[in-house]
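Chain and residue survey
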Amino acid sequence: MKSYPIAKSRRIRSTPYTSRIEKQGVTAYTVYNHMLLPAAFGSLEESCDHLKKNVQVWDVSAERQVEISGHDSAKLIQLMTCRDLSKSKIGRCYYCPIIDENGNLVNDPVILKLAEDRWWVSIADSDVIFFAKGLASGNNFNVKIFEPNVDIIAIQGPKSFDLMEKIFGKEIKELKFFGFNYYDFKGVKHLIARSGWSKQGGFEIYVENTKSGLELYDQLFELGKEFNVKAGCPNLIERIESGLLSYGNDFDNNDNPFECGFEKYVNLEADINFLGKNKLKKIQKDGIKRKLMGVQIDINKINLTKSLNIKDEKGNLIGDLRSACYSPHFKKSIGIAMINEPYCKASATGLLEIDGNSIAVKVCDLPFI
Ligand code: THG
């Protein structure tokens, strides 16, 4: 497929690291939260293999923060998510579905509790800031909402622990999954969380001091030589194999959290107030009619640019394929699809039309690995 360059402009924001990753060989961008997000550094298969064995440094500045602070901030945060945050702790990250008045998904951020009255909502690709501002003004909440100057660098892969120890000392290895704390780099404190959009382990550095962050970025590559460090980015193959879902690709504002397998983050029994709570109670009572499932696809190359219909042998629609890639691990193509009842169970089969050919599809559970 022929590819076309993105015409850069002020509207498609660069990051502090853009000039660096361009020197390091970024070969494709996507746009995420109106900002450049690297999508490839050469072959996705080679990058996936490298990520599983070594360490990569990712410019994920596009994971923007919505800062919500002030007297009613905890109330507003809870109003936005169906996950019970009443017992949440400072220094912890929480993966939280954001839900609208219909019980549908608006975003799936990581929420960081910085203080009892100060939060960062680390968003996926939708304009959560306007949703938050609308709710705050409609409810006369006493809050301040803005996008702070925070640009995340992710350090991912099995050797990320040794690399981070070299820079921040051995305390960094004691950080628990989805915990965060502040660590010193040459006299500047950086918020570092044990998190990241891969299942290979690692950290995310929420850089507020850009100058120090750029120095840190260069240091990671300097000290990372012995660990075979490379520039990378969220990897399509690794994230599909791991079942990490992508807002806008696998699900969007037409889908509810039960359909997307988020039920463990839906707390309908808790004594909390959130948007869409009654709608979600009804959806739970009535039961869902479709579900996000894994699919194995009988083809050795696939590049989705839109969702594709999956049909039964009679031509009836049974679902739509929303993400897909060739997986060297499984030696076949795999994908994430919204599958209708009664086909949304492992081992159901269907057909996909690709370039005029009919391709066999087999439904399976998520995650693949
Ligand atoms: N890190 C930060 N911000 C982000 C992302 C991130 N914003 C955008 C996007 N990614 C949000 N989506 C996700 C999806 C999955 C996870 C994190 C963010 C994730 N899930 C773990 C899992 O599924 O195993 C853990 C979830 C849990 O606590 O149970 O990490 O990556 N800063």
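Scroll up to find the structure this text is about.
Residues numbered from 1 in each chain as written. Predicted model: local features only at pLDDT ≥ 70, side-chain atom pairs only at ≥ 80, totals over all residues. Heavy atoms only, no water.

Some thoughts on the sheet that holds strand 18 (residues 317-327)
The six strands lie next to each other as 16-19-18-17-20-21, forming a closed barrel whose pairing is antiparallel. Between one strand and the next, the sheet's axes are offset by a mean angle of 40°, whatever the strand orientation. (Pairing = 2+ DSSP bridges. Helix = DSSP H or I, 4+ residues; strand = E, 2+ residues; numbered from the N terminus. Axes fitted to C-alpha atoms, helices over the stretch in contact; angles between N-to-C directions.)

Observations regarding the packing of helix 3 (residues 73-80) against helix 4 (residues 128-138)
Across the interface, helix 3 lies against helix 4 with an axial gap of 11 Å and an inter-helix angle of 120°. Between helix 3 and helix 4 the crossing geometry is right-handed. Mapping the contact onto sequence places Leu76, Leu79 and Met80 in helix 3 and Val128, Phe131, Ala132, Leu135 and Ala136 in helix 4. Here the contact of helix 3 with helix 4 is composed, by residue class, of eight nonpolar, no polar and no charged. (Left-handed = near helix turned anticlockwise from the far one by under 90°. Contact = heavy atoms within 4.5 Å. Nonpolar A, V, L, I, M, F, W, Y, C, P; charged D, E, K, R; others polar.)

What about the sheet that holds strand 11 (residues 151-156)?
Taken in spatial order, the six strands line up as 12-13-14-11-3-15 in an open sheet, and their pairing is mixed. In this open sheet, the two strands that pair with only one neighbour each are strand 12 (180-185) and strand 15 (230-232). The sheet shows a mean angle of 30° between the axes of neighbouring strands, direction not considered. The pairing of strand 13 (residues 188-193) with strand 14 (residues 202-207) spans three bridges and is antiparallel. Bridge pairing in strand 14 links alanine 193 to glutamate 204. The strands that helix 5 (residues 160-168) touches are strand 11, strand 12, strand 13 and strand 14; relative to strand 14, the one it contacts most, it runs at about 45°.

Topic: the pattern of salt bridges
Summed over all chains, the structure comprises 21 salt bridges. The partner of arginine 239 in a salt bridge is aspartate 250, and the shortest N-O contact between them spans 2.7 Å. Pair noted here: arginine 239 is in helix 7 (residues 236-242) and aspartate 250 is in the loop between helix 7 and helix 8 (277-286), with a separation of eleven residues, a long-range link. The same class applies to arginine 239 and to aspartate 250, which are both buried. Across the pair aspartate 255 and arginine 290 runs a salt bridge, and its minimum N-O distance is 2.7 Å. Pair noted here: aspartate 255 is in the loop between helix 7 and helix 8 and arginine 290 is in strand 16 (residues 290-297), with a separation of 35 residues, a long-range link. (Salt bridge = Lys/Arg side-chain N within 4 Å of Asp/Glu carboxyl O. Buried < 20%, exposed > 50% of the residue type's maximum accessible area, 1.4 Å probe, protein only.)

Notes on the packing of aromatic side chains
The final tally for this structure, using the stated rule, is 13 aromatic pairs. Relative to tyrosine 265, the ring of tyrosine 95 lies with its centre 5.2 Å away and its plane at 80°, an arrangement referred to as edge-to-face. Pair noted here: tyrosine 95 is in strand 5 (residues 93-95) and tyrosine 265 is in the loop between helix 7 and helix 8, with a separation of 170 residues, a long-range link. With relative accessibility at 16%, the residue tyrosine 265 sits in the buried group. Members of the aromatic cluster, joined through ring pairs, are Tyr95, Tyr247, Phe251, Phe262 and Tyr265. The ring of tyrosine 4 carries the charged tip of lysine 2 above its face, separated from the ring centre by 4.3 Å. (Phe/Tyr/Trp six-rings, centres within 6.5 Å; stacked < 30°, edge-to-face > 60°. Lys NZ or Arg CZ within 6 Å of the ring centre and 35° of its normal.)

Details of the environment of threonine 81
Tracing the sequence through the fold places threonine 81 in the loop between helix 3 and strand 5. Among the residues examined, threonine 81 registers a relative accessible area of 0% and is labelled buried. As for threonine 81 and tyrosine 95, which are separated by 14 residues in sequence, their C-alpha atoms are 9.9 Å apart. Those residues within four positions of threonine 81 in sequence are excluded, and the remaining contacts are Cys96, Pro97, Ile98 and Phe274.

Quick notes on the side chain of serine 160
Position of serine 160 relative to the elements: it lies in helix 5. In this structure serine 160 comes out as buried when scored by relative accessible area, which is 0%. Separated by 2.7 Å, the side chain of serine 160 and the backbone oxygen of glycine 157 make a polar contact. Those residues in contact with serine 160 that sit more than four places away from it in its chain are Asn54, Val55, Ile155, Gly201, Gly202 and Phe203. (Polar contact = N/O pair within 3.5 Å; in protein donor to acceptor, adjacent residues only side chain to side chain.)

Digging into the site of the ligand
Taken together, 18 residues form the shell around the ligand, and within it Ser122, Lys199, Glu204, Tyr206 and Tyr265 come nearest. A distance of 3.3 Å separates a nitrogen atom of the ligand from a polar backbone atom of isoleucine 123. Look at the ligand: alone it shows 650 Å² of surface, and the protein chains cover 87% of it. Taken together, the residues of the shell around the ligand break down into twelve nonpolar, two polar and four charged. (Near = heavy atom within 4 Å. Areas by Shrake-Rupley, 256 points an atom, 1.4 Å probe, with all protein chains shown as cover.)

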